[in-house]
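# An overview of the molecular structure
Residue strings, one per chain:
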Amino acid sequence: MTDGKRYTAGIVGCGRVAAMHAKAFTEVPGTQLAAAADIDPDKLDSFCEHWSIPQRYSSYEEMLAQADVDIVSVCTLDNLHGPVTIAAAEAGVRGILCEKPMAFHLEEADRMIAACDRAGAKLIVNHSMRFEQNYINVKEMIEQGEIGNLRTIRANLLTTDQYNPSSWHTRYETAGGGQLMHDATHIFDLIRFYAGDPEWVFATVERGNKSVTIEDLGAGLFRMDNGTLFFFESGGRRRYGTYEILIEGDEGRLAIQHGAFNSLERSAGYGWEPYLHRWRGGAEPVEWEPVATQRQHAWINAVNDLIDCIEQDRESVSSGWQGRAALEMIMAVFESQRRGLARVDFPLDIRDNPFGDMLSKGQI
Ligand SMILES: NC(=O)c1ccc[n+]([C@@H]2O[C@H](COP(=O)([O-])OP(=O)(O)OC[C@H]3O[C@@H](n4cnc5c(N)ncnc54)[C@H](O)[C@@H]3O)[C@@H](O)[C@H]2O)c1
């Protein structure tokens, strides 16, 4: 802390999502943007100028060694989430807001958690919907029995993004996987938020488009330990994107939708605001009713939570352990494919990334 009151923040990776973090550090009282690092000098300069950030670094190692920062946001490509988080913890920062997916594999996630524990740094893995009141409202609606007992959740997370071969998202070395790592991680985390831990999964993963080194289809069935069945499809080789979750109880249903694939842009920087509808079943046919939602900035809520975690010495609702659990679901999907579409039980007994393993052996 610079003056005993404010938390200074540094951002690593000055791309698209970094603007959300910068906005949060600008808005949250008691935080101050002090430094940023990016290997791309043009991005670094324009970002620092736009957000009036005084200290610029061409590497995160330099930033951590020289800048006086209390909080670090990790906004890089997925392959650097682990290394930057571990380096930030070892440099003595007090809080880390790491973008999703948490890590490349469970071994790396475990090292991140251990490094933060050793250093006493609070870690948040930014699964944004945990910081969005609309999704918290859905959890309360489920818990209050508005749709009866939870039976089934269905999620479609379809995107065209993986067809751009120049994007880092399309390469295993930088992304660790495709749509499963990129967006399904949010949904897997949300399903745990609503329905508890997974018991087992059957899944399939394909790489139909051989010009990219990520999966472009993932589909499967989880059984959660409260008995809820969770069906998902991600990727899906469409010419359009969708983002839809249908939550079915024995008395009704809730539907969560984004109208466009890119919700960040659609909602003009306000995060993950969904279209939400409720349907109550019965003998008579009924219409879907809209449920009011409110605009939120999930990153502002995440930064507020991180500061509260530091000050109250508590774990976040989106802690490293929660981030690891979402990653474990993704790894289990890959593992089901590696084992020949076998049922995979939780907790998972592997710590590598099965997709990378299959890729290196020409099995996918
Ligand atoms: N929580 C959310 O809703 C959400 C939304 C979008 C993106 N994300 C996540 O945020 C991360 C970044 O995504 P993005 O869309 O901003 O990507 P991006 O490509 O726009 O930005 C990444 C930045 O990292 C920089 N970078 C690369 N190597 C670096 C290094 N060694 N040191 C410092 N900087 C380096 C790049 O130059 C680039 O500016 C991804 O992990 C993504 O999954 C999360």
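Residues numbered from 1 in each chain as written. Predicted model: local features only at pLDDT ≥ 70, side-chain atom pairs only at ≥ 80, totals over all residues.

Next up on the list: the site of the ligand. Close to the ligand lie 25 residues, the nearest being Gly 13, Gly 15, Arg 16, Val 17 and Glu 99. Residue composition of the shell around the ligand, grouped by class: twelve nonpolar, six polar and seven charged. (Near = placed C-beta within 6 Å. Nonpolar A, V, L, I, M, F, W, Y, C, P; charged D, E, K, R; others polar.)

Those residues of helix 6 (residues 133–143) lying buried are Asn 134, Tyr 135, Val 138 and Ile 142. For helix 6, the arc enclosing every buried residue in end-on projection is 100 degrees, short of the 170-degree limit, so these residues lie on one face. Seen from the open side of helix 6, the exposed residues pointing more than 90 degrees away from its buried face are Glu 140 and Glu 143. Buried residues along helix 6 sit in contact with strand 7 (150–158), helix 8 (179–195), strand 11 (242–249), strand 12 (252–258) and strand 13 (275–280). Just downstream of helix 6 lies Gly 145, where phi reads positive at about 80 degrees. (Buried ≥ 20, exposed ≤ 12 C-beta atoms within 10 Å, placed from the backbone. Helix = DSSP H or I, 4+ residues; strand = E, 2+ residues; numbered from the N terminus. Arc of directions from axis to C-beta. Contact = placed C-beta atoms within 7 Å.)

Right, let's get into the sheet that holds strand 2 (residues 31–37). As a general point, the strands of a sheet are linked pairwise by backbone hydrogen bonds and lie either parallel or antiparallel. Ordered in space as 3-2-1-4-5-6, the six strands form an open sheet in which the pairing is parallel. The open sheet has two edge strands, strand 3 (55–57) and strand 6 (122–126), and neither has a second partner. Direction aside, neighbouring strands of the sheet carry axes that sit 20 degrees apart on average. Where strand 1 (residues 7–12) and strand 2 come together, six bridges link them in parallel fashion. For Ala 9, the partnering residue across the bridge sits in strand 2 and is Leu 33. (Pairing = 2+ DSSP bridges. Axes fitted to C-alpha atoms, helices over the stretch in contact; angles between N-to-C directions.)

So, about the domain arrangement of the chain. As assigned here, the chain comprises domain 1 (7–129 + 299–319) and domain 2 (132–294 + 327–360). Computed over C-alpha atoms, the centres of domain 1 and domain 2 are 25 Å apart. For the side of domain 1 that touches domain 2, the element with the most residues is helix 5 (residues 106–119), which contributes three residues. In terms of residue class, the side of domain 1 that touches domain 2 is built from nine nonpolar, four polar and four charged. (Domains from an automatic or database assignment.)

This part is about the nonpolar core. Counting residues in hydrophobic clusters, the biggest one holds 110 residues, and the most contacted among them are Ile 96, Val 303 and Ile 330. Looking at which domains feed residues into this core, each of domain 1 (7–129 + 299–319) and domain 2 (132–294 + 327–360) gives three or more. Ignoring any residue separated from it by four or fewer positions in sequence, one finds Ile 96 in contact with Val 72, Val 74, Thr 85, Ala 88, Ala 89, Cys 116, Ala 121 and Leu 123. (Core = buried A, V, L, I, M, F, W, Y, C linked by C-beta atoms within 7 Å.)

Moving on: the pairing of strand 11. As paired strands, strand 7 and strand 11 are joined by eight bridges and run antiparallel to one another. From the neighbouring strand, Leu 157 faces strand 11, where its bridge partner is Tyr 243.

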